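Single-letter residue listing:
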Amino acid sequence: LRLDALHLNQFVGKGINLLQDISLAILPREFVALVGVSGAGKSTLMNALAGFWPASDGTVLVNGTDLYRRFDAFRTDLGYVPQDDIIHRELSAEKALNYVARLRMPADTTTAERKAAVTEELETLGLIERRDVRVGDLSGGQRKRVSIGVERLTRPGLFFLDEATSGLDPGTENRLMRLLRQLADDGQTILLVTHATKNVMLCDQVVFLAKGGHLAFFGPPAAALEYFGVSAFDEIYEQLEDTRSPEEWAERYRQSTHYSAYVVKRLRDAYGDLLDTRSEAGSVKADEASRKAGPTLPKTKAKKPSAIRQFGVLAARYMEIIGTDHINLLLMLLIAPILAGMDLIAWPRQVYDAVAGDASRAMVMLFLAVIIPFLIGALSSVREIVKEKAIYRRERTVNLRIVPYLSSKVAVGFLFALYT
């Protein structure tokens, strides 16, 4: 898939603009690194390009189709690996991928096809020998590869990764970058936000952002070194910070031959004079671009899993996650009888006696008898949605329905509450 951005701006708060009129043209099967100083707006730009946080001004086109208008049609074509892990650490690598496959793959996918896809993905990622190891026990690089595998199961054409190499040792980072290079060669268009520049030469293009969301450079990595007049990519950070203002860097790039070759020419070859048209007038132009590119959307949509099927998969996954945490499960099962036994010992026998009893104390004890089971039951589920926020947001973006998700949590929690 080809990805084009036309005059993107992102206004927030009281007129603050996080992206300064950015235009890009990323061709199919290109591996693009998004680099810049802290606060330059790298994640903001990525979220705008992926459609997860649409730009307040501008147009994003996927093969000539307006992504913001037709986002539902591209849900399964967008892979996204955020900074947080999007997998349950309590599950093994194979089980984590299997549950995702059951949720995201078309409803008519057979069990054999699903298992074959999971096995193939584990082999591609070099994790076949670690398939039965809990995700939480894997190394940082291996967990990132599992996260990548989760997104690759539906074979997305566009792949976005937000600082997937952060916190990794140089050897692991190098292997991960080579894996992404291989995925791009296999047909995926990849955009990676990164601070590590050692392996940027593996990319086809590199985007450098200056502070405030100004586009300072977009072009081949080797050309970037020549453009900034440095011998190493790390020195570019100093150049962006010390030698010119962000506005000056953006203007310098717009006047360069690199802008003409890798932005203007690419966009004009595909969409004519669309680049020179301001985005405020953009809806008609986006339609023209879509017509010019021809039909790119699937003629038939894949059959999505039903709400009942999603409920079954989510409930089964939730139960397995609880079952793998043996200590927490044991505590939940034992705390109710322990408290009941303590009440049996601590409460005076004559408290309810009509003559020797104490009415006020009896009321307190009855109140505690009601409130304590409620609190204990809440302990097992109060954090469930919050602790998997990143996973929920990603699955919701693909095809997860809210009712099955909440129902699976309530149903399993109800069983424990009934026991308590």
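Scroll up a little and you will see the structure.
Throughout this document, residue positions are counted from 1 along each chain, in the order its sequence is written. Residue-level local features of this predicted model are given only where pLDDT is at least 70; pairs of side-chain atoms are given and counted only at 80 or more, and the full residue set underlies all totals for whole chains, interfaces and linings. As a convention, hydrogens and water are excluded, and side-chain values are obtained from all of the structure's heavy atoms.

Caption draft 1: Here's a closer look at the overall build of the protein. Numbering of helices and strands starts at the N terminus; helices are DSSP runs of H or I of at least 4 residues and strands are runs of E of at least 2. Of regular secondary structure, the protein possesses 16 helices and twelve strands. Expressed along its principal axes, the backbone C-alpha trace of the protein runs to roughly 95 × 50 × 45 Å. Each residue is placed in one exposure class: buried if its accessible area under a 1.4 Å probe, protein chains only, is under 20% of its type's maximum, exposed if it is over 50%, and partly exposed if it falls in between. Residues classed as buried in the protein amount to 48% of the 420 residues present. The contact criterion used is simple: two residues touch if any of their non-hydrogen atoms lie within 4.5 Å. For the protein, contacts bridging at least 24 residues in sequence account for 70% of all contacts bridging at least 6. Here, Shrake-Rupley sampling with a 1.4 Å probe gives the accessible areas, and only protein chains in the shown set may cover a residue. Split by element, the accessible area of the protein, about 20,300 Å² in all, is 57% carbon and sulfur.

Caption draft 2: Structural context of the packing of aromatic side chains. Ring pairs are drawn from Phe, Tyr and Trp, using the six-membered ring of Trp, whenever the two centres fall within 6.5 Å, and their geometry is named by plane angle: stacked under 30 degrees, edge-to-face over 60, tilted for the rest. The final tally for this structure, using the stated rule, is eleven aromatic pairs. Note on Tyr227 and Tyr253: the rings are 6.3 Å apart at their centroids and 90 degrees apart in plane angle, and the pair reads as edge-to-face. Separated by 26 residues along the polypeptide, Tyr227 in helix α6 (residues 221-228) and Tyr253 in helix α8 (residues 246-254) bring together distant segments of the chain. No difference in accessibility class separates Tyr227 from Tyr253, as the two residues are buried. Among the aromatic residues, those joined into a ring-pair cluster are Phe208, Phe217, Tyr227, Phe228, Trp249, Tyr253 and Tyr259. Geometrically, a charge over a ring is one whose NZ (Lys) or CZ (Arg) sits within 6 Å of the ring centre while staying within 35 degrees of the ring normal. Sitting over the face of the ring of Tyr227, Arg252 holds its NZ or CZ atom 4.3 Å from the ring centroid. Over the ring of Tyr318 we find Lys409, and its NZ or CZ is 4.2 Å from the ring centre.

Caption draft 3: Spotlight on the pairing of strand β10 (residues 189-193). Within β10, five of the five residues are buried, which leaves the element mostly enclosed by the surrounding structure. Burial of the side chains of β10 extends over both faces: Thr189, Leu191 and Val193 are buried on one face and Ile190 and Leu192 on the other. Here strand β5 (residues 31-36) runs beside β10; their pairing, made up of four bridges, is parallel. If you follow Phe31 over to β10, its bridge partner there is Ile190. When DSSP locates at least two bridges between a pair of strands, those strands are taken to pair. When strand β9 (residues 158-162) meets β10, the two strands line up parallel, connected through five bridges. Directly across from Asp162, in β10, lies its bridge partner Val193.

Caption draft 4: Molecular detail of the sheet that holds strand β1 (residues 3-9). Strand order across the open sheet formed by four strands is β4-β1-β6-β7, with antiparallel pairing between neighbours. Taken across any chain shown, the strands that pair with only one partner, and hence form the sheet edges, are β4 (22-26) and β7 (65-66). Sheet topology note: the strand β6 (residues 57-62)/β7 ladder contains two bridges and is antiparallel. Residue pairing across strands places Val62 opposite Thr65, the latter belonging to β7. Only the contacting stretch of a helix is used when fitting its axis, a line to C-alpha atoms as for every element, and angles between N-to-C directions run 0 to 180 degrees. Sitting on the sheet, helix α1 (residues 42-50) is in contact with β1, β4 and β6, with an inclination near 120 degrees to β1. In the packing of helix α9 (residues 257-271) onto the sheet, contacts are made with β1, β4 and β6, and the angle to β4 comes to roughly 70 degrees.

Caption draft 5: Quick look at the pattern of salt bridges. The salt bridge definition used is simple: a Lys or Arg side-chain nitrogen within 4 Å of an Asp or Glu carboxyl oxygen. Inspection of every chain in the model, using the stated rule, returns 18 salt bridges. Here Glu388 makes a salt bridge to Lys409, at a shortest N to O gap of 3.0 Å. With a gap of 21 residues between them, Glu388 in the loop between α14 (384-387) and α15 (389-398) and Lys409 in helix α16 (residues 402-419) connect regions that are remote in the sequence. Judged by relative accessible area, Glu388 falls into the buried class, the value being 4%.

Caption draft 6: Structural context of the packing of helix α2 (residues 93-104) against helix α3 (residues 111-124). Where α2 meets α3, the axes come as close as 10 Å, and the angle between the chain directions of the two elements is 130 degrees. In terms of axis orientation, α2 runs oblique to α3. Two packed elements cross with a definite hand, and for α2 against α3 that hand is right-handed. Along the contact surface, α2 presents Ala93, Glu94, Leu97, Asn98, Ala101 and Arg102, while α3 presents Arg114, Val118 and Leu122. Each residue belonging to the contact of α2 with α3 can be placed in one class, and the counts come to five nonpolar, one polar and three charged. Should an angle fall under 35 degrees it is called roughly parallel, over 145 degrees roughly antiparallel, and 65 to 115 degrees roughly perpendicular, with every other angle called oblique. Whether a crossing is left-handed or right-handed is set by the direction in which the near helix is turned from the far one by less than a right angle, anticlockwise for left-handed and clockwise for right-handed. Each residue gets one of three labels, nonpolar for Ala, Val, Leu, Ile, Met, Phe, Trp, Tyr, Cys and Pro, charged for Asp, Glu, Lys and Arg, and polar for the others, Gly among them.

Caption draft 7: A nonpolar patch on the surface, seen in detail. Patches here: salt-bridge-free residues with over 30% relative accessible area, like charges joined within 9 Å, nonpolar side chains (Val, Leu, Ile, Met, Phe, Trp, Tyr) joined within 5 Å. A contiguous nonpolar patch, built from Met319, Phe414, Leu415 and Leu418 and spanning about 430 Å² of accessible area, is present on the exposed surface. Residue contributions to the nonpolar patch peak at three residues, all from α16. Secondary-structure assignment places Met319 in helix α11 (residues 307-324).

Caption draft 8: Fine view of the pairing of β9. β9 sits mainly inside the fold: five of its five residues count as buried. With four bridges connecting them, strand β8 (residues 78-81) and β9 associate as parallel partners. By the bridge assignment for β9, Gly79 is matched with Phe159.

Caption draft 9: Looking closely at the sheet that holds β10. One open sheet holds the six strands; their spatial order is β8-β9-β10-β5-β11-β12, and the pairing between them is mixed. The sheet terminates laterally at β8 and β12 (214-219), the two strands that pair on one side only. Along the sheet, successive strands turn relative to each other by an average axial angle of 15 degrees, direction set aside. Together, β8 and β9 form the strand contacts of helix α4 (residues 140-152), whose direction differs from that of β8 by roughly 160 degrees.

Caption draft 10: Broad picture of the packing of α6 against helix α7 (residues 234-242). Direction vectors running N to C along α6 and α7 enclose 45 degrees, while the axes themselves pass 10 Å from each other. Classed by the angle they form, the pair α6 and α7 counts as oblique. Considering only the axes of α6 and α7, their crossing is left-handed. Side by side, α6 and α7 meet where Ala224, Leu225 and Phe228 of the first sit next to Ile236, Gln239 and Leu240 of the second.

Caption draft 11: Layout of the side chain of Glu173. Counting through the fold element by element, Glu173 comes out in helix α5 (residues 170-185). Residue class for Glu173 comes out buried when judged on its relative accessible area of 8%. Contact partners of Glu173, with chain neighbours within four places excluded, come to Thr165, Leu168, Ala196, Lys198 and Asn199.

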